[in-house]
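# Structure assessment
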Amino acid sequence: MIEPTNFIEQFINEDIESGKVSSDSIQTRFPPEPNGYLHIGHAKSLCLNFGVKEKYNGKCNLFLDDTNPSKEKAEYEDAIKKDIEWLGFSYDAVTHASDYYEKIYEFAEKEIELGNAFVCDMTPEEISKNRGTLTEPGKESPFRNRSVEENLKLFREMRAGKYPDGSKCLRAKIDMASPNINMRDPVIYRILRETHYRTGDKWCIYPMYDFAHPICDYMQGVTHSLCTLEFEDHRPLYDWVGITLGFKPKPRQIEFARLNVTNLVMSKRYLKKLVEDGSVDGWDDPRMPTLTGLRARGVPAEALKDFCGRIGISKANSEVQISYFEACVREYLNIHAERAMAVLKPLKVRITNYPEDKTEEVDFDVNPNEEEKRTRKILFSKTIYIDADDFSLAPPPKYFRLKKDGYVRLKSAYIIKCDDIVFDDDGNVKELLCSYVPESRSGNDTSGIKVKGVIQWVSDKTAVDVEIRKYGYLLNDEEYAGQDFSERMNKNSVTVFSGKVEPYVMENKDERPYQFIRTGYFKRLKVKGKEILSEIVSLKDNFNK
RNA sequence: AGGGGUGUCGCCAAGCGGUAAGGCACGGGAUUUUGAUUCCCGCAUUCGUAGGUUCAAAUCCUGCCACCCCUGCCA
């Protein structure tokens, strides 16, 4: 007996116990339509479907739901595969609705033969008009009672290309008076002369989602078809197809709430618009909530999966705060990211009592939290840079960092005292003149001086100039409601710093994330051929509280 | 009386008749050469609401309220 962690697994257990399905046959599928890139919302579905597969030792296919050739592209299919690979899920097979077009067609003929479907000559407008409303029943099509023979002949002619687009369609014969509008003789096949990215011009009729999906599920051996809440009303139709066609065992559709993240723009339509109008650099722009965007940002796949697991599965419409996601990212990065030093806004510091040409190496912890501590050497010298934010001309109370006549520790090195401030012509701080305490060297500090502030620094002898960027998210704040997306973008765009980092960060070939002391988590990224450092997520900062 | 759903802490979310798990956030304290991390401690006498059944209800029943989805030849 498998311990369920959500209501879907409870249902699966019930189906196993009741003998509906055998425990070794559990199968799900991840069913995106290849009409866009996967985003963080899909990650929830991915984790759910593959989670069930792993838990029940079952199967899970990547099923591309390509029944609408006018929206779908191979580019999207390729991107979807890459994203799933990145997340580390392995599917048992890649399948497409289009793989089953012939089979679906046969099932359609079967429905006709069973008297469950008819060819309708009404225009889309007429069908819409006769559908009735939420409170009034619809009117039956005048073509509803055509003979099986006539329907079969007409449907075959539809396939053969005898009729223009939209002039005829195949409809399920269910109930025009049903309170569920999806059951009012829904269209299950349409005529559409559009080149399909996989089947080309082989077909000029295409099955609709409601008809194709249950058939494809069944053909693949799917036992549990997990989808989002808006398909609840379609379940009776899903079941109708399975029952009329005699599917055994009939796949069970179970709905769950889709992921909403507070203020995060996730609509495929808007994301596509941003890409197309050049507001972002592409689907993989680090500001995008797409999986490829998150990957570019430096979000570890493990952190994303952890997030999906932690938010849980339910049927309640909910909105998860982005801080939850960020907490998961921080938690992972805290364990895995190497520490490094960097200054986003360099401020020159001259250590007046340090010899001009002397340098020395100090030991720096790669990650203080790891069990087997590793250290690496960092060069210290007379002139260094600290972050401008680590010095204050007018320090508030309880300010721990550098101020005039105050002491602060340079991480892994010496304690320094700020003796003097050099201003430029405009009255801005240009440089600090400090003195170091020779006996305060990290590791064997005999100075007896206690400082609360520890700041990062880089030596001018080794510092590498690099552009450092903080990327915002594409937010849909009330503040920006009604504004054009390009305007929202400007406000949530990119903050650029001309920073300096220790060479270690730039020397590594891989793109491992770093935690810059007291700053945040960063990774190297190439934007239009230029190497930059971009922020993955900021450090939790209690200083401002 | 259109149908289908959902309502448990600021945000997720367990709970399935025996007297409110956990996480994020938050508040307090300790340790810390990252104001990070880590570590303690606190954080719903109450489960949308009003009744009812029961020795006992978030869990069962009834009524009300709120929110979401459905009138594509989209998925």
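This one's a predicted model, so the numbers in the text were calculated from it and none came from an experiment.

## Looking at the domain arrangement of chain A
What the domain assignment lists for chain A is domain 1 (23-256), domain 2 (261-338 + 466-538) and domain 3 (342-456). Placing the centre of domain 1 and that of domain 3 at their C-alpha centroids yields a distance of 65 Å.

## Observations regarding the layout of surface pockets
Considered as a void within the structure, the largest pocket measures approximately 1,300 Å³ in volume. Around the largest pocket, the lining comprises 47 residues; the ones closest to its centre are Glu33, Asn35, Glu230, Phe231 and Lys268. Counted by class, the lining of the largest pocket contains 21 nonpolar, twelve polar and 14 charged residues. Shared between two domains, the lining of the largest pocket holds at least three residues of each, these being domain 1 (23-256) and domain 2 (261-338 + 466-538). Considering only enclosed or pocket space, the second largest pocket measures out at about 600 Å³ in volume. If you go around the second largest pocket, you meet 23 residues; those closest to its centre are Asp390, Arg401, Arg518, Thr519 and Asp541. When its residues are assigned to classes, the lining of the second largest pocket shows seven nonpolar, six polar and ten charged. Taken domain by domain, the makeup of the lining of the second largest pocket includes at least three residues from each of domain 2 (261-338 + 466-538) and domain 3 (342-456).

## Thoughts on the protein's contact with RNA strand B
Inspection of the region around RNA strand B gives 65 residues, with Arg190, Arg339, Ser442, Gln515 and Asn542 positioned closest. When the atoms of RNA strand B within 4 Å of the protein are sorted by group, sugar and phosphate make up 66%. In this structure, Asp65 approaches RNA strand B through a side-chain N or O atom, which is 2.8 Å from a sugar or linking oxygen. Listed by contribution, the elements that provide at least two residues to the surface near RNA strand B are α5 (124-130), β6 (187-191), α11 (301-311) and α12 (322-336). Element by element, the count of residues in the surface near RNA strand B is highest for α12, at four residues. Across the surface near RNA strand B, the residue classes tally to 23 nonpolar, 22 polar and 20 charged.

## Here we look at the packing of aromatic side chains
Taken as a whole, this structure holds 23 aromatic pairs when the rule is applied. With a centroid separation of 4.7 Å and 10° between ring planes, the pair formed by Tyr37 and Trp283 is classed as stacked. Of this pair, Tyr37 sits in the loop between β1 (27-30) and α2 (40-55) while Trp283 sits in the loop between α9 (268-276) and α10 (291-297), placing them 246 residues apart in sequence. Take Tyr37: its relative accessible area is 13%, and that puts it in the buried class. Residue class for Trp283 comes out buried when judged on its relative accessible area of 9%. Taken together, the aromatic side chains of Tyr101, Tyr105, Phe155, Tyr189, Trp203, Tyr206 and Phe211 make up a single cluster linked through ring pairs. It is Arg269 that lies over the ring of Tyr270; its NZ or CZ is 4.7 Å from the centre.

## Topic: the environment of Ile313
Within the element layout of this structure, Ile313 appears in the loop between α11 and α12. Sequence-wise, Ile313 and Phe522 are 209 residues apart; in three dimensions their C-alpha atoms are separated by 31 Å. Apart from residues lying up to four places away in sequence, Ile313 is in contact with Asn6, Phe7, Ile8, Lys44, Leu48 and Phe256.

## What about the sheet that holds strand β21 (residues 464-471)?
Pairing between the strands of a sheet comes from backbone hydrogen bonds, and it takes one of two forms, parallel or antiparallel. The seven strands lie next to each other as β10-β23-β24-β25-β21-β22-β11, forming an open sheet whose pairing is mixed. With one partner strand each, in any of the chains shown, β10 (338-340) and β11 (342-343) form the two edges of the open sheet.

## Description of the pattern of salt bridges
Across all of its chains, the model carries 48 salt bridges by this definition. A salt bridge links Arg374 to Glu370; the shortest N-O distance between them is 3.0 Å. The residue Lys470 makes a salt bridge to Glu535 at a minimum N-O spacing of 3.8 Å. Here Lys470 is found in strand β21, whereas its partner Glu535 is found in strand β25 (residues 530-538), with 65 residues between them in sequence. According to the relative accessible area criterion, Lys470 is partly exposed, its value standing at 25%. By relative accessible area, Glu535 is classed as buried at 8%. Residues joined in a network through salt bridges with shared partners are Asp121, Arg146, Glu150 and Lys168.

## Looking at the nonpolar core
Ranked by size, the top nonpolar core spans 38 residues in total, and within it Ile40, Leu46, Leu291, Leu304, Phe307 and Phe325 carry the most contacts. In this structure, this core is formed jointly by two domains, domain 1 (23-256) and domain 2 (261-338 + 466-538), each of which donates at least three residues. Setting aside anything within four residues of it in sequence, one finds Phe325 in contact with Ile40, Leu294, Val299, Leu304, Phe307 and Tyr473. One finds Val119, Met183, Tyr189 and Trp203 within the second-largest nonpolar core, a separate group that totals 36 residues.

## So, the pairing of strand β22 (residues 494-501)
Look at any regular strand and the pattern is simple: side chains alternate between the two faces of the sheet. Pairing of β11 with β22 involves two bridges; the strand directions are antiparallel. For Ala342, the partnering residue across the bridge sits in β22 and is Val501. For β21 and β22, the ladder comprises eight bridges, and the chain directions are antiparallel. Of the residues in β22, the one forming a bridge with Glu467 is Ser498.

About the criteria used
Residues numbered from 1 in each chain as written. Chains lettered and ligands numbered in written order. Predicted model: local features only at pLDDT ≥ 70, side-chain atom pairs only at ≥ 80, totals over all residues. Heavy atoms only, no water. Domains from an automatic or database assignment. 1 Å grid on protein atoms, 1.4 Å probe; cavity = no way out; pocket = protein on both sides within 12 Å on 5 of 7 lines; lining within 4 Å. Points joined across faces, edges and corners; volume = space filled by probe spheres on them. Nonpolar A, V, L, I, M, F, W, Y, C, P; charged D, E, K, R; others polar. Near = heavy atom within 4 Å. Polar contact = N/O pair within 3.5 Å; in protein donor to acceptor, adjacent residues only side chain to side chain. Helix = DSSP H or I, 4+ residues; strand = E, 2+ residues; numbered from the N terminus. Phe/Tyr/Trp six-rings, centres within 6.5 Å; stacked < 30°, edge-to-face > 60°. Buried < 20%, exposed > 50% of the residue type's maximum accessible area, 1.4 Å probe, protein only. Lys NZ or Arg CZ within 6 Å of the ring centre and 35° of its normal. Contact = heavy atoms within 4.5 Å. Pairing = 2+ DSSP bridges. Salt bridge = Lys/Arg side-chain N within 4 Å of Asp/Glu carboxyl O. Core = buried A, V, L, I, M, F, W, Y, C linked by side-chain atoms within 4.5 Å.

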